[in-house]
Amino acid sequence: YFFFLYAMEQDVSHKFSLIAGFRKVKVIAAESIKYSLGHKVIFWLIAGGFLAVFVFQPMNMYWGPRFNAMGGDRIWLTGWFWAFEAIFMMLGAYLVGVFLGRGKHYTFIMIMAILLISIPIILSASSNILLLAFPAYLIHEIARGIQKPVQQAYLNKYAEPEKRATIFSFESMTSALGAAVGLWFFGWIAKNTSIETSWIMAGVFALVLIPIYLMARKKEEQYA
């Protein structure tokens with residue numbers, strides 16, 4: 001979809017043609033994928049984006065039924081849960097500017113965010129007490145508010161201006177794929193075990209992002 005819109009923007013002077021549009025999509029997609037896979041920093045960042053969205057899915061989808069059950073099936077609490085989630089994620093986004101303003105490297109910030117996602121979500125899943133499980137979950141929301149903007153800024157730093165739109169389109173496509181795979185995989189885990197188990201597994205999987213981000217940092221040397 002994003003590739004198609006971009007293709008149409010590049011050919012506005014010509015009469016609209018659906019077939020021509022899809023042909024241009026094919027060319028743009030091929031170019032952006034080739035460039036993204038060939039640029040080592042961008043490759044590892046896109047790989048990290050795929051895995052990040054993959055591991056976020058059980059927390060995205062299952063916080064409602066889990067915390068509602070822990071709260072005694074008082075459905076009105078769900079609105080408060082959601083409000084606190086939004087506030088803490090915005091707090092994370094605010095902290096991005098603070099960290100970057102203090103000269104912290106993207107990799108440092110993202111690794112910190114991953115640790116603040118992995119450890120609290122495992123602790124949250126391990127507790128049956130709402131007043132312990134939910135605050136731990138909120139720490140993970142702060143980290144999520146940090147992780148995505150920093151990763152996008154890092155990617156933007158190395159994306160050439162003339163290829164930026166297609167690179168971000170490719171990144172969006174791979175993230176959507178990661179979300180789809182994560183929904184299926186962790187849904188299967190939750191169905192066959194428990195929501196708590198799916199959260200613990202997601203927390204463990206998240207730690208794989210640390211060597212991925214370190215690899216992106218290492219590959220920066222090639223483009224210095």
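Residues numbered from 1 in each chain as written. Predicted model: local features only at pLDDT ≥ 70, side-chain atom pairs only at ≥ 80, totals over all residues. Heavy atoms only, no water.

Asks: Provide a residue-level description of the side chain of serine 198, including the pertinent values.
Replies: Among the structural elements, serine 198 can be located in helix H8 (residues 195-206). Judged by its relative accessible area of 0%, serine 198 is buried. (Helix = DSSP H or I, 4+ residues; strand = E, 2+ residues; numbered from the N terminus. Buried < 20%, exposed > 50% of the residue type's maximum accessible area, 1.4 Å probe, protein only.)

Asks: Account for the environment of tyrosine 106, naming residues and giving values.
Replies: With respect to the secondary-structure elements, tyrosine 106 resides in helix H5 (residues 106-126). Through-space distance from the C-alpha of tyrosine 106 to that of glutamine 151 is 7.4 Å; in sequence the pair is 45 residues apart. In contact with tyrosine 106, not counting residues within four places along its chain, are Leu100, Val150, Ala153, Tyr154 and Lys157. (Contact = heavy atoms within 4.5 Å.)

Asks: Can you lay out a nonpolar patch on the surface for me, pointing to particular residues and giving the numbers?
Replies: A cluster of nonpolar side chains, namely Ile75, Trp76, Trp80, Phe84, Ile87 and Met90, defines an oily patch on the protein surface of about 730 Å² accessible area. Note on placement: isoleucine 87 falls in helix H4 (residues 77-101). On the basis of relative accessible area, isoleucine 87 is assigned to the partly exposed category, the value being 47%. (Patch = residues over 30% accessible without salt bridge, like charges linked within 9 Å, V, L, I, M, F, W, Y side chains within 5 Å. Areas by Shrake-Rupley, 256 points an atom, 1.4 Å probe, with all protein chains shown as cover. Salt bridge = Lys/Arg side-chain N within 4 Å of Asp/Glu carboxyl O.)

Asks: Explain the side chain of arginine 66 to me, and be specific about the residues and the numbers.
Replies: Structurally, arginine 66 is set in helix H3 (residues 40-70). A distance of 3.5 Å separates the side chain of arginine 66 from the backbone oxygen of alanine 125, its partner in a polar contact. A distance of 2.8 Å separates a polar side-chain atom of arginine 66 from the backbone oxygen of serine 127. In contact with arginine 66, not counting residues within four places along its chain, are Ser124, Ala125, Ser127, Ala133, Ile195, Glu196 and Trp199. (Polar contact = N/O pair within 3.5 Å; in protein donor to acceptor, adjacent residues only side chain to side chain.)

Asks: So what about the packing of aromatic side chains? Which residues, and what values?
Replies: Tallied over the entire structure, the rule returns 16 aromatic pairs. Consider the rings of phenylalanine 54 and phenylalanine 186, whose centres lie 5.0 Å apart with planes at 50 degrees: the pair is tilted. With phenylalanine 54 in helix H3 and phenylalanine 186 in helix H7 (residues 164-192), the pair connects residues that are 132 residues apart, well separated along the chain. In this structure, phenylalanine 54 and phenylalanine 186 share a single accessibility class: buried. Ring centres of phenylalanine 186 and phenylalanine 205 lie 6.2 Å apart, and the angle between their planes is 90 degrees; this geometry places the pair in the edge-to-face category. Here phenylalanine 205 lies in helix H8 and phenylalanine 186 lies in helix H7, a separation of 19 residues in the sequence. Residue phenylalanine 205 is classed as partly exposed on the basis of its relative accessible area of 30%. Ring-pair connections join several aromatic residues into one group, and the members of that group are Phe67, Phe81, Phe134, Tyr137 and Trp199. (Phe/Tyr/Trp six-rings, centres within 6.5 Å; stacked < 30°, edge-to-face > 60°.)

Asks: Explain the nonpolar core to me, using residue names and the numbers behind them.
Replies: Judged by nonpolar contacts, the single largest core of 52 residues is most densely connected at Phe67, Tyr137, Ile146, Tyr154 and Trp199. Elements that contribute at least two residues to this core include exactly H3, H4, H5, helix H6 (130-158), H7, H8 and helix H9 (209-219). At 13 residues, H3 tops the list of elements feeding residues into this core. Sequence-distant contacts of isoleucine 146, that is, excluding residues within four places in its chain, are made with Gly92, Ala93, Leu95, Val96, Phe99, Ile109, Met112 and Ala113. (Core = buried A, V, L, I, M, F, W, Y, C linked by side-chain atoms within 4.5 Å.)

Asks: So what's going on with the confidence of the model for the chain? Which residues, and what values?
Replies: With 86% of its residues at a pLDDT of 70 or more, the chain shows a mean pLDDT of 86. Ranking the elements of the chain by mean pLDDT puts helix H1 (residues 2-9) last with 48 and H8 first with 96. (pLDDT = per-residue confidence, 0-100.)

Asks: Break down the packing of H5 against H9 for me, with residues and values.
Replies: For the pair H5 and H9, interaxial distance at closest approach is 10 Å and the crossing angle is 180 degrees. When the axes of H5 and H9 are compared, the pair comes out roughly antiparallel. Counting all contacts with H5, which are made through Thr107, Met110, Ile111, Ile114 and Leu115, the residues of H9 involved are Leu209, Ile210, Tyr213, Leu214 and Arg217. (Axes fitted to C-alpha atoms, helices over the stretch in contact; angles between N-to-C directions. Parallel < 35°, antiparallel > 145°, perpendicular 65-115°, else oblique.)

Asks: Account for the environment of phenylalanine 67, with residues named and values stated.
Replies: Within the element layout of this structure, phenylalanine 67 appears in helix H3. When the C-alpha atoms of phenylalanine 67 and phenylalanine 81 are compared, they prove to be 8.2 Å apart, with 14 residues separating the residues in sequence. Those residues in contact with phenylalanine 67 that sit more than four places away from it in its chain are Phe81, Ser124, Leu130, Ala133, Phe134, Tyr137 and Trp199.

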